[in-house]
Amino acid sequence: MSVGGNSIFRDRWAIRCIALTAAIFVTMAFIGFVLLPLLQPNVKAAGLWEAICSAAGIAKTPTSTTPVAPNFKISSVVVTPEMLDTADAQSIGRGATLAHQCAICHGPAGFSRADAPNLSGQYASAIYKQLKDFQSGARSNAIMTPFAAKLTNQDMIDVASYYAYLPRLPEDQARQVIAAPRIVSGGAPLRNIPPCGSCHGSIDHKAGTPWLQGQPAAYIKAQLQAFASGHRNNDISQQMRNIARQMTPQEIDEAARYYSSLSQHARLTGR
């Protein structure tokens, strides 16, 4: 009798648990898929089904038939992995002549002493993209914008090819380099920040992104801050803006100082 009673008790307890779970599920589904979407002031659903679709991230009907255009110019450069990876001697020679105009900021051999980017050995695709963006207005600078405005497309290819042909900054083996900070070597996965080296060299290279080793700390820091604030917005698919917004001021400073420390001695002495 006791065994049967226990069995009945267990059956009733199981039924109650199932009923309670189902009630909680239905209540939460109603709140999440119906009530909350209808309470949002910017969401106007015509009925229950549209409210559910909205909560699930599926638009039953387009919210607008007119695409929303940005209020700033975006980069129109299409970058591919093989872009400008081969250059003939004639193009490099023309680029060397044009590069005399760049020497005052970027140095006679592409090594800057003015906290401007070091261009010697830089990826040709990265230089070309930035020149095109300066010319189109996708990126602005008081010095670079008027300079790029007078360049032809072939001029940009030639300048980019010339600087890519030059050797990169050699590492100063006698100088102790700052250890790579976590944001550079491992990123911050919980904030959707990949390691810096996965796009900018050392680990891997993404087409169109610059090589950062030996770049001035002031320049790197200023660009990260510009991406974070939205003042600079010519990055591909907003990748750098999304990353920089998630970085702390300390991480920005650490990344800038680390990349600047690489080959810094060679940069200062001009070797």
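Please read all numbers here as calculations on a predicted model, not as lab measurements.

**So, the side chain of Glu-251**
So, step 1. On the secondary structure map, Glu-251 appears in helix 11 (residues 249-261).
So, step 2. Ignoring any residue separated from it by four or fewer positions in sequence, one finds Glu-251 in contact with Ile-183, Arg-191 and Gln-246.

**Quick notes on a nonpolar patch on the surface**
So, step 1. On the surface, Leu-20, Ile-24 and Met-28 cluster together to form a nonpolar patch covering roughly 310 Å² of accessible area.
So, step 2. Looking at the element boundaries, Ile-24 is found in helix 1 (residues 2-39).

**Details of the environment of Asn-242**
So, step 1. With respect to the helices, strands and loops of the structure, Asn-242 is situated in helix 10 (residues 239-246).
So, step 2. Taking the C-alpha atoms as reference, Asn-242 lies 8.4 Å from Ile-193; in sequence the two are 49 residues apart.

**Observations regarding the packing of aromatic side chains**
Aromatic ring pairs are defined here through the distance separating the ring centres and the angle between the ring planes.
So, step 1. Going through the model one piece at a time under the given rule, you end up with three aromatic pairs.
So, step 2. Lying across the ring of Tyr-123, Arg-168 places its NZ or CZ 4.9 Å from the centre.

**Let's talk about the nonpolar core**
So, step 1. Grouped together as the largest cluster of nonpolar side chains are 24 residues, with contacts concentrated most on Ile-127, Tyr-128, Leu-131, Tyr-162 and Tyr-163.
So, step 2. For this core, the leading source of residues is helix 7 (residues 153-165), giving six residues.
So, step 3. With sequence-adjacent residues up to four places away left out, Tyr-128 is seen in contact with Val-77, Met-83, Leu-84, Asn-153, Met-156, Ile-157 and Ala-160.
So, step 4. In this structure, Val-184, Ala-188, Leu-212 and Met-247 belong to the second largest nonpolar core, which totals 19 residues.

Conventions used here
- Residues numbered from 1 in each chain as written.
- Predicted model: local features only at pLDDT ≥ 70, side-chain atom pairs only at ≥ 80, totals over all residues.
- Heavy atoms only, no water.
- Helix = DSSP H or I, 4+ residues; strand = E, 2+ residues; numbered from the N terminus.
- Contact = heavy atoms within 4.5 Å.
- Patch = residues over 30% accessible without salt bridge, like charges linked within 9 Å, V, L, I, M, F, W, Y side chains within 5 Å.
- Areas by Shrake-Rupley, 256 points an atom, 1.4 Å probe, with all protein chains shown as cover.
- Salt bridge = Lys/Arg side-chain N within 4 Å of Asp/Glu carboxyl O.
- Phe/Tyr/Trp six-rings, centres within 6.5 Å; stacked < 30°, edge-to-face > 60°.
- Lys NZ or Arg CZ within 6 Å of the ring centre and 35° of its normal.
- Core = buried A, V, L, I, M, F, W, Y, C linked by side-chain atoms within 4.5 Å.
- Buried < 20%, exposed > 50% of the residue type's maximum accessible area, 1.4 Å probe, protein only.

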